[in-house]
Amino acid sequence: MPDQTASPQLSRRGLLGASTAVAAGPLMAAAPVVAPATPPVDPRRPVDVALTVNGQQHHLAIDVRTTLLDAVRTHIGLTGSKKGCDHGQCGACTMLVDGKATLSCLSLAAMVRGPVTTIEGIAGTDGTLHPMQQAFIDQDAFQCGYCTPGQIVSAVACVQGGHAASDAAIREYMSGNLCRCAAYPHIVAAINQAKDGMGRA
Amino acid sequence: MRPFNLDHAATLPAALAAARPVAGARVPPTAAPAQFIAGGTQMLDLMKLDTMQPATLVDINALSAAHGRIEAKSDGLHLGALVRMSEAEAHPDILRDYPVIAQTLQMAASPQIRNMASLGGNVLQRTRCCYFRDPGWAQCNKREPGSGCAALDGVNRKHAVLGVSDQCIAAYSGDFAQALVALGAEVQTAGPNGVRTIAFEKLHTASDNPHTETVLAPGELITGFRVPSGPWTRRSAYVKIRDRESYAYGLATAAVALDIQGGVVREARIGLGAVSYRPWRSHEAEAALRGKPLTEDTANATARAAFAGAKPRQDNAYLIDLGRRTLARALLQASRLEA
Ligand SMILES: Cc1cc2nc3c(=O)[nH]c(=O)nc-3n(C[C@H](O)[C@H](O)[C@H](O)COP(=O)(O)OP(=O)(O)OC[C@H]3O[C@@H](n4cnc5c(N)ncnc54)[C@H](O)[C@@H]3O)c2cc1C
Ligand code: SF4
Ligand code: FES
Ligand code: FES
């Protein structure tokens with residue numbers, strides 16, 4: 001981001017400017033094309049963003065360009081989720097949004113609607129490790145650990161979504177999480193171990 | 001990333017109003033100041049690279065209530081533009097009656113991206129040509145009209161051989177579009193001039209004017225797709241050949257659907273991707289197979305017809321042979337399915 005001080009505003013133009021009626025029907029002949037009625041707003045003003053992360057509500061006033069990943073790491077202070085590529089290619093930033101594995105680096109915080117679960121929200125509230133976390137430890141499913149938060153979040157979604165029936169199915173579902181240390185065989189073993197504890201295949 | 005205004009459109013008219021083009025401006029939709037954003041998996045990627053610089057993003061996700069449904073009807077399959085890839089790939093009607101559609105989605109991107117990405121955004125995905133994605137390269141007719149094409153004599157191992165010109169040889173790398181083009185789908189849109197239906201085959205424009213990628217007008221929104229039913233949709237398959245087994249764009253892909261009666265191909269539908277500039281329906285190949293039994297020999301002859309007009313550059317001549325084999329394999333694979 002070249003201009004970190006700039007922070008745009010959320011305009012409500014979309015909600016108000018509902019004047020063009022586009023009903024199902026034939027092509028409207030030469031409807032006049034006009035400029036938007038509302039004046040352009042200054043895109044550098046902060047926007048209000050409400051996020052529910054691991055069950056806790058957060059109200060932030062942030063630059064509209066802030067991704068969910070940056071909002072969670074630098075504004076909320078949960079640094080478990082990692083930034084690998086920032087372009088949707090590695091899976092290190094995976095979070096659950098509405099229970100679905102999602103790339104937080106390609107999500108704008110201001111567009112997130114559902115509840116968010118990060119790696120910090122996977123363990124029990126008393127600190128008991130989730131069966132998947134325990135399985136990663138038992139099976140030695142990491143070396144440097146940088147990809148691990150994203151791997152564990154994806155692995156939980158893999159089992160919960162019923163994608164862990166076979167090693168091949170696990171590998172395919174986990175394909176969006178790269179591991180430069182190549183812990184892949186151990187990750188598959190960890191998911192196989194945890195799926196019994198999680199009560200689903 | 002440059003600053004922008006974010007509009008949350010609650011309804012279709014609100015989305016169209018927010019993205020309404022400026023009077024008199026003559027720009028292709030991809031260069032319009034206001035851009036729609038659905039899953040954001042491509043828009044944010046290209047904004048971070050500074051390849052796209054919208055002044056306004058119009059968030060259309062609230063439209064999924066009206067334009068996010070999958071419905072199998074007697075006239076075919078209706079898909080809302082805001083259906084997520086992961087919803088369509090697992091839908092029982094699609095798996096049973098349109099397997100080629102499910103397969104193009106299952107083999108695309110990663111589970112996380114498919115949870116996020118919409119079908120409307122998917123068909124509008126832009127090329128992965130590295131000279132296009134990186135604005136550090138001065139020459140790219142798609143990004144800067146008239147600047148030239150760095151790929152013509154650059155690294156072009158993954159560039160297209162079909163539908164190319166000396167203006168642009170970029171490959172269309174999406175998967176789902178190959179199924180739509182093969183099955184003769186329609187695109188439904190709403191825009192500043194009303195609603196219309198476009199043949200999917202006509203949605204993407206030719207490589208002689210690479211800056212313009214589709215026939216859409218600025219501010220025109222895809223609301224959905226209709227895939228007509230037909231005796232070929234069940235016996236359909238997608239083959240995607242890539243550098244690694246999963247989570248990679250195709251090098252050569254083929255989507256095929258067959259109507260076989262009494263051992264003879266009555267109708268073949270053939271879509272090719274990754275080897276072509278745009279989603280590519282090979283009418284030549286379809287004609288070569290019509291009325292014949294499907295054997296290894298006729299499959300190979302069909303594949304030769306599909307690539308008769310191929311134009312390779314220095315690093316991608318291998319795609320002609322790979323593309324032929326991919327198509328032949330897809331035809332033989334589909335022919336073994338139950339109708
Ligand atoms: C790492 C990676 C790997 C990938 N691999 C594959 C792959 O193997 N195969 C494959 O097919 N794809 C692949 N993709 C591409 C991915 O499928 C697309 O990015 C995605 O489908 C786009 O959908 P979206 O909803 O996120 O679009 P957005 O990013 O929201 O939008 C994309 C474009 O479409 C426009 N748009 C969106 N919706 C509409 C609408 N309803 N009407 C008009 N305009 C609209 C936007 O303005 C924008 O220009 C990959 C992407 C990434 C990041
Ligand atoms: S192939 Fe097309 S997209 Fe790539 S550099 Fe040439 S003009 Fe640009
Ligand atoms: S940091 Fe999000 S996918 Fe790499
Ligand atoms: S453990 Fe090092 S990248 Fe996966």
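Residues numbered from 1 in each chain as written. Chains lettered and ligands numbered in written order. Predicted model: local features only at pLDDT ≥ 70, side-chain atom pairs only at ≥ 80, totals over all residues. Heavy atoms only, no water.

**Student:** Could you clarify how one ought to interpret the overall build of chain B in this entry?
**Tutor:** When helices and strands are counted, chain B shows 14 helices and 12 strands. For chain B, the residues scored as buried account for 62% of the 339 residues in total. Counting contacts in chain B only where the partners sit at least 6 residues apart, residues at least 24 apart contribute 65% of the total. Element-wise, carbon and sulfur atoms account for 50% of the exposed surface of chain B, whose accessible area totals about 12300 Å². Of note, chain B has its 37 positive side-chain charges centred 1 Å away from the centre of its 31 negative side-chain charges. (Helix = DSSP H or I, 4+ residues; strand = E, 2+ residues; numbered from the N terminus. Buried < 20%, exposed > 50% of the residue type's maximum accessible area, 1.4 Å probe, protein only. Contact = heavy atoms within 4.5 Å. Areas by Shrake-Rupley, 256 points an atom, 1.4 Å probe, with all protein chains shown as cover. Lys, Arg positive; Asp, Glu negative; His and termini not counted. Charge placed at Lys NZ, Arg CZ, Asp CG, Glu CD.)

**Student:** Help me out: how do you make sense of the site of ligand 1 in this one?
**Tutor:** Taken together, 33 residues surround ligand 1, and among them B:Phe36, B:Ala38, B:Thr41, B:Ser118 and B:Asp175 come closest. One finds residues of chains A and B in close proximity to ligand 1. Between ligand 1 and B:Asn122 there is a distance of 3.1 Å, counted from an oxygen atom to a side-chain nitrogen or oxygen. Relative to its free-state accessible area of 980 Å², ligand 1 is covered by the protein chains to the extent of 96%. Residue assignment for the shell around ligand 1 shows that the elements contributing at least two residues are strand E2 (34-37), helix H8 (119-123) and strand E8 (221-227) of chain B. (Near = heavy atom within 4 Å. Polar contact = N/O pair within 3.5 Å; in protein donor to acceptor, adjacent residues only side chain to side chain.)

**Student:** Explain the sheet that holds strand E10 (residues 252-261) of chain B to me, please; I cannot follow it from the model alone.
**Tutor:** Neighbouring strands of a sheet are bound in pairs by backbone hydrogen bonds; such pairs are parallel or else antiparallel. All names here are of chain B. Spatial ordering of the open sheet is given by E9-E10-E11-E12, a layout of four strands whose pairing is antiparallel. Sheet topology places strand E9 (236-241) and strand E12 (280-281) at the edges, where each strand pairs with a single neighbour. Taken strand by strand, helix H14 (residues 318-335) contacts E9, E10 and strand E11 (264-273), and its axis lies near 35° from that of E10. (Pairing = 2+ DSSP bridges. Axes fitted to C-alpha atoms, helices over the stretch in contact; angles between N-to-C directions.)

**Student:** Even after reading the chapter, I still don't get the environment of A:Val188, so can you show me in this structure?
**Tutor:** Residue and element names in this part refer to chain A. Secondary-structure assignment places Val188 in helix H6 (residues 184-197). Classification of Val188 by relative accessible area gives buried; the value is 9%. Along the primary structure Val188 and Phe136 are separated by 52 residues, whereas in three dimensions their C-alpha atoms are 9.5 Å apart. Dropping the residues within four chain positions of it, Val188 is found in contact with Asp167, Ile170 and Arg171.

**Student:** Looking at this structure, I do not really get the domain arrangement of chain A. What am I missing?
**Tutor:** You'll often see interface size given as the accessible area lost when the parts meet. All names here are of chain A. Here the domain parsing of chain A yields domain 1 (43-121) and domain 2 (122-201). Using only C-alpha atoms to locate each centre, domain 1 and domain 2 end up separated by 21 Å. Domain 1 puts 17 residues into the contact, and the matching count from domain 2 is 14 residues. Put simply, domain 1 and domain 2 have zero salt bridges between them. (Domains from an automatic or database assignment. Salt bridge = Lys/Arg side-chain N within 4 Å of Asp/Glu carboxyl O.)

**Student:** Hey, could you run me through the side chain of B:Arg114 in this one?
**Tutor:** Residues and elements named next belong to chain B. Residue position: Arg114 is located in helix H7 (residues 111-116). Here Glu89 takes part through its side chain, which lies 2.6 Å from a polar atom of the side chain of Arg114. Once residues lying within four places of it in the same chain are set aside, the contact partners of Arg114 are Arg84, Met85, Ser86, Glu89, Leu105, Gln106, Ala108 and Ala109.

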